[in-house]
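Chain residues, written in single-letter form:
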Amino acid sequence: MKKENTTEKVTDIDYAQCAVPAEGRKGFLTMFMIMLGFTFFSASMWVGQQLAEGLDFYGFIKSLILGGMILGLYTGLLGYVGAKTGLSMDLLAKRAFGEKGSYISSAMISFTQIGWFGVGVAMFAIPVANELLGGSKVAMWGLVIVAGGCMTASAYFGIDSLTLISYIAVPLVAVLGTVAMILAVQRGDGTIIDQFAKSSGTISVIGGAGMVVGSFVSGGTATPNFARFAKDAKSGTIATVVAFFIGNSLMFFFGAIAYIFVGGNDIFEVMIRLNLFYLAILVLGMNIWTTNDNALYSSGLGLANIFNQKKKPMVLIAGIVGTLLSVWLYYNFCNWLNVLNCTLPPVGIILVISYFMNQKDYEKTDENLETVNWFAVAGVVIGAIVANVVSWGIASINGMVVAAVCYVIGQMVRKNEAGNECIDS
C-alpha cells in the first residue's frame, strides 16, 4: 500500500485533489512564462481593433494602463491566494462555496474555457485554410482536428507540458509579432500617433478600460490553477501581475496595428500582408496554443471536481467536445461567451475574500467542508445578473462589488448565528 501511494504522488504532477507541495513548486521564470503564455489570447486582439477604432493613441495608452491596473489587481490577488495555499481554483471554491456549492464555479469555468478553446481552434484553422489553402472545407477540418489534437495533448500531459509549450511559444510570438508590428508602422503614413488619429473617437478612456478588463477577466479567474505552482506567494503574485500587463498590452497593440495596417484584428493578417506567410502561421498557431492548453487544463480541473474523476480523462473529453464544436462555436457562440465572461469575476472575488476572512481555516488540511454556502452562491448569481444588466460603469467590477457585499453580509450573519449558539449553550 505504501508503494502505491508513493507512485500515485509521483505521477500526479498536477495535484488536482490537494495542495501543491514544496517539491512541485517552480521558479519565477517558469511561472512568468506560463502566465505570459496564458495571456497571449487571440480574442484580445479583437478588443485591440475596437480600441484603435474608437480612441486616439494617448486614449489607447490610458485605457491600457487603467484597465491593466484593474486586471492586474484582480489576478494578482488570485495569484497570491493560489501561491500561498497551493490550491487550484476548484479546491479554493470548495472552501468558499462548500463541497457541492463549488460545482457552480467549476461548471462555469469549464463551460467558458471549453467554449474559448473551441473558438481558438477555429481561429487558427479558418484563416489558414482561407489564406493558404483556397478556403477548402476539407483542409479547414483537417487543421481543426490536428490543432485541437495537439492542444488537447499538451493540456492532457499537465503542467510540465504547458511549461514546455510556453518556453517555446512565448519568445516566438513576442519577438516575431513585435517585428511585424514595427514593420507595419514603418509602412504606414506618419508616426504611430498619426495613424491612431484616424480613429472615430467614439470610445471614452473609461469605456476602453472596461473593454481591457473584460477581455480577459474570465480567464484571469483561473489564475490560481497556475499560480499555485509558484515557489512562494511573492513570486507568484509578481509573475502574474507583470505577465498579465505585458501579455495583454502586447495583444491589444497587435490588434490595433492590424486594424490600422490592414483593417483587420489579427497580427496574422499583418504578417500575410508583409509576405511572411509561414512565420504568420507559426505565430498564429503558437499564440493560440499557449492560451488554449491553459484553458483546457482549467476546464479539466473543473470537470474533475464536479464528477470526482481524475483530471486527464476530463481534459480529453473537454478537448474532443471543444474540437468538434469549434467551427460552430466560432460562428455562433462568441457573443454568448462574452456574456458568460461577466459571470466569472464574482467567483474570483469571493475566492479572494473567503481566504482573507478565514485564513486560519485554509491552514487546516482536514477541514470539514460544508455542503453549500448559499450566500456565496447567491453572490455569484446576483453579481452575474448585475454585471450583464447594469450598463453604468465596468460590468465585471459591478458584478464583483455585488458578489463581495453578498458574501461579506453572509459571513457576518453566519458568525452572529454561531455566536448566539455559543451563548445559548
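Positions within a chain are numbered from 1, following the residues in the order the chain's sequence is written. Side-chain atom pairs in this predicted model are given and counted only at pLDDT of 80 or more, local residue features only at pLDDT of at least 70, and totals for whole chains, interfaces and linings cover all residues. Calculated side-chain values reflect all of the structure's heavy atoms, with hydrogen atoms and water omitted.

## Regarding the confidence of the model for the protein chain
Low-pLDDT portions of the prediction should not be read for the details of their coordinates. How sure the predictor is of each residue is captured by pLDDT, a score from 0 to 100. In this model, the protein chain carries an average pLDDT of 89, and 93% of its residues clear a pLDDT of 70 or more. Put simply, DSSP marks the helices as runs of H or I at least four residues long and the strands as runs of E at least two long, and each gets a number from the N terminus on. Ranking the elements of the protein chain by mean pLDDT puts helix α1 (residues 2–11) last, at 45, and helix α11 (residues 224–227) first, at 97. In the model, residues 1–11 has pLDDT below 50 throughout and makes zero contacts with residues more than four positions away in sequence or in other chains. In this analysis, two residues are considered to be in contact whenever any of their non-hydrogen atoms come within 4.5 Å of each other.

## Observations concerning empty space enclosed by the protein
The pocket and cavity definitions rest on a 1 Å grid over protein atoms only: a 1.4 Å probe that fits but cannot leave marks a cavity, an open set with protein on both sides within 12 Å along at least five of seven lines marks a pocket, and residues lining either have an atom within 4 Å of a point. Grid points are joined across faces, edges and corners, and a volume is the space filled by probe spheres set on the points. Scanning all chains against the criterion turns up four cavities of 30 Å³ or more. Considered as a void within the structure, the largest cavity measures approximately 70 Å³ in volume. In this structure, the largest cavity is lined by 12 residues; those nearest its centre are Phe 41, Gln 113, Trp 116, Phe 216 and Gly 219. Going through the elements one at a time, α6 (102–132), α10 (205–220) and α14 (277–307) are the ones with two or more residues in the lining of the largest cavity. Three classes are used, and their members are as follows: Ala, Val, Leu, Ile, Met, Phe, Trp, Tyr, Cys and Pro are nonpolar, Asp, Glu, Lys and Arg are charged, and the others, Gly among them, are polar. For the lining of the largest cavity, the residue count by class is five nonpolar, seven polar and no charged. There is about 40 Å³ of room inside the second largest cavity. If you trace the second largest cavity, you find it lined by Phe 41, Ser 42, Ala 43, Trp 116, Gly 120, Met 123, Ile 288, Thr 291 and Asn 292. Elements supplying a minimum of two residues to the lining of the second largest cavity: α6 and α14. Its residues assigned to classes, the lining of the second largest cavity comprises five nonpolar, four polar and no charged.

## As for the environment of Pro 345
Here Pro 345 is to be found in helix α18 (residues 344–357). Pro 345 sits 42 residues away from Ala 387 along the chain, and the two C-alpha atoms are 9.3 Å apart. The residues touching Pro 345, leaving out its near neighbours within four places in the chain, are Tyr 74, Val 217, Thr 221, Ser 396 and Met 400.

## Let's talk about the packing of α6 against helix α7 (residues 137–156)
Each packed pair of helices is defined by two parameters, the angle between the axes and the distance between the axes. For the pair α6 and α7, the least separation of the axes is 9 Å and the interaxial angle reads 140°. When the axes of α6 and α7 are compared, the pair comes out oblique. The handedness of the crossing between α6 and α7 comes out as right-handed. Facing α6, whose interface residues are Phe 117, Val 121, Phe 124, Ala 125, Ile 126, Val 128 and Ala 129, α7 presents Met 140, Leu 143, Val 144, Ala 147, Gly 148, Met 151 and Thr 152. Looking at side-chain class alone, the contact of α6 with α7 contains 12 nonpolar, two polar and no charged residues. Only the stretch in contact is used when fitting a helix axis, every axis being a line fitted to C-alpha atoms; angles between N-to-C directions are given from 0 to 180 degrees. Roughly parallel refers to an angle under 35 degrees, roughly antiparallel to one over 145, roughly perpendicular to one between 65 and 115, and oblique to any angle outside these ranges. Two helices that cross are described as forming a left-handed crossing if the nearer one is turned anticlockwise from the farther one by less than a right angle, and a right-handed crossing if clockwise.

## Notes on the side chain of Arg 228
Structurally, Arg 228 can be placed in the loop between α11 and α12 (233–262). Categorising residues by exposure relies on relative accessible area from a 1.4 Å probe, with only protein chains included: less than 20% of the type maximum marks a residue as buried, more than 50% marks it as exposed, and the intermediate range marks it as partly exposed. When charges are counted, Lys and Arg are positive and Asp and Glu negative, with His and the chain ends excluded. Each reported salt bridge corresponds to a side-chain nitrogen of Lys or Arg within 4 Å of a carboxyl oxygen of Asp or Glu. There is no salt bridge for the buried Arg 228, and the closest opposite charge comes from Asp 14, which lies 5.3 Å off by N-O distance. Side-chain polar atoms of Arg 228 contact the backbone oxygen of Asn 225, separated by 2.8 Å. Leaving out residues up to four positions away in the same chain, Arg 228 has contacts with Asp 14, Tyr 15, Cys 18, Val 20, Arg 25, Gly 82, Ala 83, Gly 86, Leu 87, Ser 88, Tyr 297 and Leu 301. Residues adjacent in sequence count toward polar contacts only when both atoms are side-chain atoms; beyond that, a polar contact is any pair of N or O atoms within 3.5 Å, and within protein one must be able to donate a hydrogen and the other to accept it.

## Let's talk about the pattern of salt bridges
Enumeration over the complete set of coordinates arrives at three salt bridges. Ionic pairing is found between Asp 14 and Lys 311, a salt bridge with its closest N-O pair at 3.6 Å. Taken together, the residues Asp 14 in the loop between α1 and α2 (28–39) and Lys 311 in helix α15 (residues 311–324) connect sequence positions 297 residues apart. Side by side, Asp 14 and Lys 311 carry an identical accessibility label, which is buried. Its salt-bridge partner being Glu 370, residue Arg 414 comes within 2.7 Å of it at the nearest N-O pair. Placement of Arg 414 in helix α21 (residues 395–424) and of Glu 370 in the loop between α19 (359–362) and α20 (374–389) is noted, with a sequence separation of 44 residues between them.

## Things to note about a nonpolar patch on the surface
A patch is a set of surface residues, each over 30% in relative accessible area and not in a salt bridge, joined within 9 Å for like charges and within 5 Å for the nonpolar side chains Val, Leu, Ile, Met, Phe, Trp and Tyr. Here, Shrake-Rupley sampling with a 1.4 Å probe gives the accessible areas, and only protein chains in the shown set may cover a residue. Side chains of Phe 28, Ile 65, Met 69, Ile 238, Val 241, Val 242, Phe 245 and Ile 246 sit close together on the surface and give an oily, nonpolar patch of about 640 Å² of accessible area. If you list the elements that add at least two residues to the nonpolar patch, you get α4 (57–85) and α12. Sorting elements by how many residues they give to the nonpolar patch places α12 first, with five residues. Taking relative accessible area as the criterion, Ile 246 reaches 39% and is therefore assigned partly exposed.

## Structural notes on α2
For α2, built from 12 residues, the straight-helix expectation of 16 Å at 1.5 Å per residue is met to within 8% by its first-to-last C-alpha distance of 17 Å. Counting buried residues in α2 gives 10 out of 12 residues, a clear majority hidden from the surface. For α2, every residue scored as buried is listed here: Thr 30, Met 31, Phe 32, Met 33, Ile 34, Met 35, Leu 36, Gly 37, Phe 38 and Thr 39. Contact partners of the buried residues in α2: α8 (159–187), α10, α11, α12 and α14. Multiplying one less than the number of residues by 1.5 Å gives the expected span of a helix.

## Points about the packing of aromatic side chains
Note on aromatic contacts: the rings of Phe and Tyr and the six-membered ring of Trp form a pair at centre separations within 6.5 Å, being stacked when their planes are under 30 degrees apart, edge-to-face when over 60 apart, and tilted otherwise. Applying the stated rule across the entire model yields 15 aromatic pairs. Consider the rings of Tyr 80 and Phe 356, whose centres lie 5.9 Å apart with planes at 10°: the pair is stacked. Here Tyr 80 is found in helix α4, whereas its partner Phe 356 is found in helix α18, with 276 residues between them in sequence. A ring pair is formed by Tyr 355 and Phe 356, whose centres lie 5.2 Å apart and whose planes are at 75°; its orientation type is edge-to-face. For Phe 356, a relative accessible area of 39% gives the class partly exposed. For a Lys NZ or an Arg CZ to count as sitting over a ring, it must be within 6 Å of the ring centre and within 35 degrees of the ring normal. Of note, Arg 95 hangs over the ring of Tyr 362, and the distance from its end group to the ring centre comes to 5.5 Å.

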